[in-house]
Amino acid sequence: MDLGQEEPTGDGEVEDLVRVSSASIPLVENHIQRTHFPGMVRKKAYIFDGLGNYYNKEWDLAEGAGKEFCWYHVELPKGKQKLSQSAQYLIDVLCPPLKLQDILSLVSNGPFCGHVDGALVFRVNSPGPPSGNFTFRLAARVTENSVITVSLGRVPRLGFSPVGQSLLSEIPSVESPSYYRGERKEGSGIVIREHVLEFLLTMNHSEEADNPVPKSVSNLVVHIIDTHMDHLQDVVTKLEMELDTVELEMDRGGFALKKEMLDDRRFPKMHLNLQRLLQVIAHGEQVFPRVKEKCSSKQWFAGEDICSLEELIGRLRRLKENVGFLANRVTAIQAGLDSWQSEQINRKLYYISFLSIIFLPLSVITGVFGMNVGGVPWTVQKDPALKDGFRNVMFLCLAMLLLVLLCFICPALYNRLTAWHRRRSLRRNWSQNRRSFLKRSTGIQERGGYLRI
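Residues numbered from 1 in each chain as written. Predicted model: local features only at pLDDT ≥ 70, side-chain atom pairs only at ≥ 80, totals over all residues. Heavy atoms only, no water.

Undergrad: Just give me the short version of the overall build of the chain, but keep the residues and values in it.
TA: Helices and strands together make up the secondary structure of the chain, namely ten helices and ten strands. Out of the 453 residues in the chain, the part that is buried amounts to 38%. Within the chain, contacts between residues separated by at least 24 positions form 65% of all contacts whose residues are at least 6 apart in sequence. Accessible surface computed for the chain: about 27200 Å², of which carbon and sulfur atoms make up 56%. (Helix = DSSP H or I, 4+ residues; strand = E, 2+ residues; numbered from the N terminus. Buried < 20%, exposed > 50% of the residue type's maximum accessible area, 1.4 Å probe, protein only. Contact = heavy atoms within 4.5 Å. Areas by Shrake-Rupley, 256 points an atom, 1.4 Å probe, with all protein chains shown as cover.)

Undergrad: Give me the lowdown on the sheet that holds strand β6 (residues 138–142), citing residues and values where you can.
TA: Read from one edge to the other, the open sheet built from seven strands follows the order β2-β1-β3-β7-β6-β5-β4, with strand pairing classed as mixed. Single-partner strands in this sheet number two, and they are β2 (54–56) and β4 (110–116). For this sheet, the mean angle separating the axes of adjacent strands, direction not counted, is 15°. With four bridges joining them, strand β5 (residues 119–125) and β6 adopt antiparallel strand pairing. Within the sheet, the bridge partner assigned to L120 lies in β6 and is V142. Strand contacts of helix α3 (residues 83–94): β1 (42–48), β3 (69–76) and β7 (146–152), with the helix running at about 150° to β3, the strand carrying the most contacts. Running over the sheet, helix α4 (residues 100–107) touches β4, β5, β6 and β7 and is turned about 35° from β5. (Pairing = 2+ DSSP bridges. Axes fitted to C-alpha atoms, helices over the stretch in contact; angles between N-to-C directions.)

Undergrad: Quick rundown of the pattern of salt bridges? Include the residues and the values.
TA: In total, this model carries 14 salt bridges according to the counting rule given. For R329, the salt bridge is made with E247, and the minimal N-O distance between the two is 3.0 Å. Here R329, found in helix α9 (residues 303–369), pairs with E247, found in helix α6 (residues 217–252); they are 82 residues apart in sequence, far enough to count as distant. Judged by relative accessible area, R329 falls into the partly exposed class, the value being 28%. Of the residues examined, E247 reaches a relative accessible area of 27% and is grouped as partly exposed. The partner of K259 in a salt bridge is D263, and the shortest N-O contact between them spans 3.2 Å. Pair noted here: K259 and D263 are both in helix α7 (residues 255–264), with a separation of four residues, about one helical turn. Residue classification places K259 among the partly exposed residues on the basis of a relative accessible area of 37%. Taken together, the salt bridges that share partners define one network made up of R157, D226, D230 and R315. (Salt bridge = Lys/Arg side-chain N within 4 Å of Asp/Glu carboxyl O.)

Undergrad: Give me the lowdown on unusual backbone geometry, citing residues and values where you can.
TA: Note the cis peptide between C95 and P96, where omega equals -15°. Summarising the element assignment, P96 is placed in the loop between α3 and α4. A cis amide bond links P96 to the next residue, P97, at an omega of 10°. Among the secondary structure elements, P97 is positioned in the loop between α3 and α4. The backbone of L61 shows a phi angle near 60°, a positive value even though the residue is not glycine. Residue position: L61 is located in the loop between β2 and β3. Phi is positive for R157, close to 65°, though the residue is something other than glycine. Looking at the secondary structure, you find R157 in the loop between β7 and β8 (172–173).

Undergrad: Tell me about the nonpolar core, and please be specific about residues and values.
TA: Burial of nonpolar side chains together is a common tendency in soluble globular proteins. Counting residues in each nonpolar core, the largest one holds 59 residues, and the members touching the most others are W71, F122 and F267. Elements supplying a minimum of two residues to this core: β1, β3, β5, β6, α6, α7, α8 (266–295) and α9. In contact with W71, not counting residues within four places along its chain, are K44, A45, Y46, F48, V147, T149, L158, F160, L220 and I224. Grouped together as the second largest cluster of nonpolar side chains are 27 residues, Y55, L61, V93 and C95 included. (Core = buried A, V, L, I, M, F, W, Y, C linked by side-chain atoms within 4.5 Å.)

Undergrad: Give a detailed account of the pairing of β7, specifying residues and quantitative values.
TA: The element β7 is extensively covered by neighbouring structure, given that seven of its seven residues are classed as buried. Every second residue of β7 is oriented toward a common face, with S146, I148, V150 and L152 on one face and V147, T149 and S151 on the other, all of them buried. Pairing analysis gives seven bridges linking β3 to β7, with the strands arranged parallel. Within β7, the residue paired with Y72 across the bridge is I148. Bridging between β6 and β7 involves five bridges; their strand directions are antiparallel. Bridge pairing in β7 places A139 opposite V150. If you look at the hairpin formed by β6 and β7, you'll find three residues sitting between the two strands.

Undergrad: Just give me the short version of the packing of aromatic side chains, but keep the residues and values in it.
TA: Within the structure shown, the criterion is met by eight aromatic pairs. Centroid distance W59 to Y72: 5.4 Å. Interplanar angle 80°. Geometry classified as edge-to-face. Here the residue W59 occupies a position in the loop between β2 and β3, and Y72 occupies one in strand β3, the gap between them amounting to 13 residues. Overall, W59 belongs to the buried group, its relative accessible area being 10%. A network of ring pairs unites the aromatic residues Y46, F48, Y54, F69 and W71 as a single cluster. (Phe/Tyr/Trp six-rings, centres within 6.5 Å; stacked < 30°, edge-to-face > 60°.)

Undergrad: I'd like a description of the packing of α6 against α8, backed by residues and values.
TA: Between α6 and α8, the least distance of the axes is 12 Å, while the angle of their chain directions is 160°. Taken together, the axis directions place α6 and α8 in an arrangement best described as roughly antiparallel. As α6 packs across α8, the resulting crossing turns out to be left-handed. For the pair α6 and α8, contact is made by I225, H228, L232, V235, V236, L239, E242, L243, V246, E249 and M250 and by R266, F267, M270, L274, L277, V280, I281, F288 and V291, respectively. (Parallel < 35°, antiparallel > 145°, perpendicular 65-115°, else oblique. Left-handed = near helix turned anticlockwise from the far one by under 90°.)

Undergrad: Before we move on, can you summarise a nonpolar patch on the surface with the specific residues and values?
TA: Where nonpolar side chains cluster on the molecular surface, the patch consists of I91, L100 and L104 and spans about 270 Å² of accessible area. In this structure, L100 sits in helix α4. (Patch = residues over 30% accessible without salt bridge, like charges linked within 9 Å, V, L, I, M, F, W, Y side chains within 5 Å.)

Written as structure tokens, this is what we have:
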């Protein structure tokens, strides 16, 4: 590999990189030619000169020499593959030189931090389906001159890109109604549409082009953990925005919207996602303090990067508190919906009970007059003196109905009268107290004295 023909993307000198470069780095057989799963994983390889410059390099898994250090990153697909399939992908791209114990330490679920075959290995792999949006997996194998990382899906801002390609460094302008395409330059600014702004608002970090180039392996380790924290923060911010939108919709919506949210089990699902996110943060709380403890004993790990790790651990604790607040909000909203649903059920039961109370005495009356026995009044069909029997029964039913309604109306009417009488008494007492106070104040002013307390 001839690094002298490549353009540096940092701010160091090219000659320092060219003098050693990769002449002493042994090259192994190209993995692209013998891979068993072509195109299934994404690979990135960088070499850093320790002076602020970095270069893209071929995938040879070799370590740097001197101040140089290399970084190899594998991005596993977010599909429905099993954990054993992910292990096969890593074996395909990392073996050799890695051994089976290295692969298992990188791909297994759960938190881990320890030394494997002389290298520091840590991982924060959460269990769950790989295709889920709340399944996070990040593992790293760190030596003095190389770092190998494995992630599930793309981690924002993890890689590096040439400076000058960042959208955040552009001067924006307001979108006019006549623009219907993505971004178009208008005057001295670049027009950014609303959906692009909504996406950028969920990002708590800059783009890859704004990443500071690490000058040591310790800088790179801090950068990897920092981007993992940014990824978690992005997910939390997106959940906050979604929850705010749902609360606004609930305030504006009515029966149909609340019924739809209950049927879709929207808030229980959101609460489950928050619990998965809390599990990922708990894994970080277990792993990152141990990473700081183990890295503090390394001579090649800078002291200022130890302080940076301590700040990231504190940031992780604050993020856990924020997720806890979100979980409490979701629980409160779900409790409100459950209360609303119970109120709707009670109201329906009240209506049914009211109807049953109305029709129960009517059914008793009709049952009595429908008995096929002698002596029941107004039931002789051929007697001309009892031709108004049906009308009399209807009058009796109407009288019973009015009596039932009166039983419901009287308590409400009594409460209204009691409340009116109470308000009138309070108003009368207030008027009397006010007149008495004014009379005493006038007497005091006439005497020219002071009011005794």
